[in-house]
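# Structural features, examined
Listed here are the chains, written in short residue letters.
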Amino acid sequence: MQGPIIILGAGQAGVQIADSLRQENYTGRIILIGDEPYGPYQRPPLSKDFLAGTVTQDQLALRTPEMLAKKNIEFLPSTRAASVDLAARTVSLADGQALAFEGLAFATGCRARPLPVPGADLPGVFTLRGIDDTLRIAAALKTAQNVAVIGGGFIGLEIAATCRGFGKNVTVVETADRLMARAVSPVISQWFLEHHRKQGVRVVLEAKAVGIREQDGGTAGVELAGGEFIPADMVVIGIGIIQNSELAKEAGLGCKGGIVVDACARTSHPGVAAAGDCTVRLLPDGRSLALESVQNAMEQAKSAAAALMGRERPFTACPWFWSDQYEVKLQMAGLSAGYDRIVIRGSQEDGAFSAFYFRDGTMLGSDSVNQPKDHMATRRMLDKNLGPTPEQAADSAFNFQTLLK
Ligand SMILES: Cc1cc2nc3c(=O)[nH]c(=O)nc-3n(C[C@H](O)[C@H](O)[C@H](O)COP(=O)(O)OP(=O)(O)OC[C@H]3O[C@@H](n4cnc5c(N)ncnc54)[C@H](O)[C@@H]3O)c2cc1C
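Presented here is an overview of the structure given in this document. Note that the structure is predicted; figures quoted are calculated from it, not measured. (Residues numbered from 1 in each chain as written. Predicted model: local features only at pLDDT ≥ 70, side-chain atom pairs only at ≥ 80, totals over all residues. Heavy atoms only, no water.)

So, about the layout of surface pockets. Approximately 150 Å³ is the volume attributed to the second largest pocket. By residue class, the composition of the lining of the second largest pocket is one nonpolar, four polar and four charged. (1 Å grid on protein atoms, 1.4 Å probe; cavity = no way out; pocket = protein on both sides within 12 Å on 5 of 7 lines; lining within 4 Å. Points joined across faces, edges and corners; volume = space filled by probe spheres on them. Nonpolar A, V, L, I, M, F, W, Y, C, P; charged D, E, K, R; others polar.)

This next bit is on the pattern of salt bridges. Scanning the model with the defined rule gives 19 salt bridges in all. Asp19 is the partner of Arg63 in a salt bridge, and the nearest nitrogen-oxygen pair spans 2.6 Å. In this pair, Arg63 is assigned in the loop between α2 (49–52) and α3 (65–70) and Asp19 in helix α1 (residues 12–23), connecting sequence segments 44 residues apart. Residue class for Asp19 comes out buried when judged on its relative accessible area of 6%. Linking Glu299 and Arg313 is a salt bridge whose minimum nitrogen-to-oxygen distance equals 2.8 Å. Here Glu299 is found in helix α8 (residues 294–308), whereas its partner Arg313 is found in the loop between α8 and β23 (320–325), with 14 residues between them in sequence. On the basis of relative accessible area, Glu299 is assigned to the buried category, the value being 16%. (Salt bridge = Lys/Arg side-chain N within 4 Å of Asp/Glu carboxyl O. Helix = DSSP H or I, 4+ residues; strand = E, 2+ residues; numbered from the N terminus. Buried < 20%, exposed > 50% of the residue type's maximum accessible area, 1.4 Å probe, protein only.)

Across the sheet, four strands lie side by side as β18-β19-β21-β22; this open sheet has mixed pairing. Looking along the sheet, the strands with just one partner apiece sit at the ends: β18 (255–256) and β22 (288–289). (Pairing = 2+ DSSP bridges.)

On to the sheet that holds strand β1 (residues 5–8). Strand-to-strand pairing in sheets goes through backbone hydrogen bonds, with the strands running parallel or antiparallel. Across the sheet, five strands lie side by side as β3-β2-β1-β7-β20; this open sheet has parallel pairing. The open sheet has two edge strands with one neighbour each: β3 (73–76) and β20 (272–274). This sheet shows a mean twist of 20° between the axes of neighbouring strands, independent of strand direction. Bridge count for β1 against strand β7 (residues 103–106) is four bridges, and the pairing is parallel. Bridge pairing in β7 places Ile5 opposite Gly103. (Axes fitted to C-alpha atoms, helices over the stretch in contact; angles between N-to-C directions.)

Let us look at the side chain of Gln295. Summarising the element assignment, Gln295 is placed in helix α8. Leaving out residues up to four positions away in the same chain, Gln295 has contacts with Phe315, Ala317, Cys318, Pro319 and Trp320. (Contact = heavy atoms within 4.5 Å.)

Now for the environment of Leu330. Mapped onto the secondary structure, Leu330 falls in strand β24 (residues 328–334). In this structure, the C-alpha to C-alpha distance between Leu330 and Thr267, residues 63 residues apart in sequence, is 33 Å. Apart from the residues within four sequence positions on either side, Leu330 is in contact with Phe154, Met180, Val184, Ile188, Phe192, Phe321, Trp322, Ser323, Asp367, Ser368 and Val369.

Okay, here's the thing in structure tokens:
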């Protein structure tokens, strides 16, 4: 391929596709289009250190515009792709300009899911996806004393922990009967519930926010089904995401929520790849998998770059993810859904343990709380199709390295 390759979305996946194309010795034009005014940046600190004020905006940068220019990557910030014509091989921008491409990659990410209740559009109600959102939340935190967080998933809980760090009164409202229910097992949910409560956060489970009440043009608090009212000067909503796949769908690509890709990040159209949060990956067993994680964005981006060069680079590595809440690092490895046995290694009381998941005696993955060595060992073992027995996993004296040698 020699003609221009256009990458839609200049986030974690978009910039990695551009970088990987250069690593794959692609010498043609690369045009990286992003609708934000910033260069590509890391999102994980937005709810953690950047919100806490311990990381600066400059430190979020994945690549500066100068770094991109050095690699001859043409970066167009504040530029929105409005439509794609796959037959004519053009991308139309919101300002009416049309750009021709030979290869195309979607890396359009996702957006925060809005809460469909009255009052969700009040000033003092926030979602968190980008730098501007964190800046707005940080500004509101300067005067707010009572913070309500709607959604007890990773982002909601990270925000709750950061707000507690500022000494705010924090209430987390979650519809499920446990925290982070989509991603972790009940044992991990319970440990984090107790930990947040120990830190002074009020966590209300099985509670549905039905409205946000207004006062003097701002926020008075959150109304729950059942009648309870939670006073709050600001509300942060973290109830999941919607994939930015509309552009791809309108262009005729196969989509199932996200843009459907195979293990090599190829879409339903030849010469068009997709990577990161905007995708859903088809697994060999027919299931589809949508992962919103840095690792997924990076790995799929490398596959997408190879695919655009006509090469196959399947993403087969074991999935992993992390979340920081207070001083606690939670790290997840593997796909644990469908487990029939959980084994605990380490001490829940001391806040240093891992839950290992098994099905028919085979390890599927682990969730580690302040146990990075268990996490790394799980990843390495899964990547090599290895695993401990449940008894070995439960025995803290058993060294996983003996299996890895
Ligand atoms: C607050 C927060 C905390 C997180 N914490 C963690 C964590 O601890 N660990 C972890 O592994 N992951 C974490 N993640 C997830 C991780 O950041 C994402 O999985 C990753 O950023 C995905 O990269 P991406 O390139 O697919 O999407 P993005 O980084 O979202 O980039 C997509 C870009 O495309 C742009 N775009 C969309 N449509 C268009 C268009 N039509 N034209 C031009 N540009 C467009 C978007 O505005 C955006 O800039 C977190 C995410 C958030 C928001």
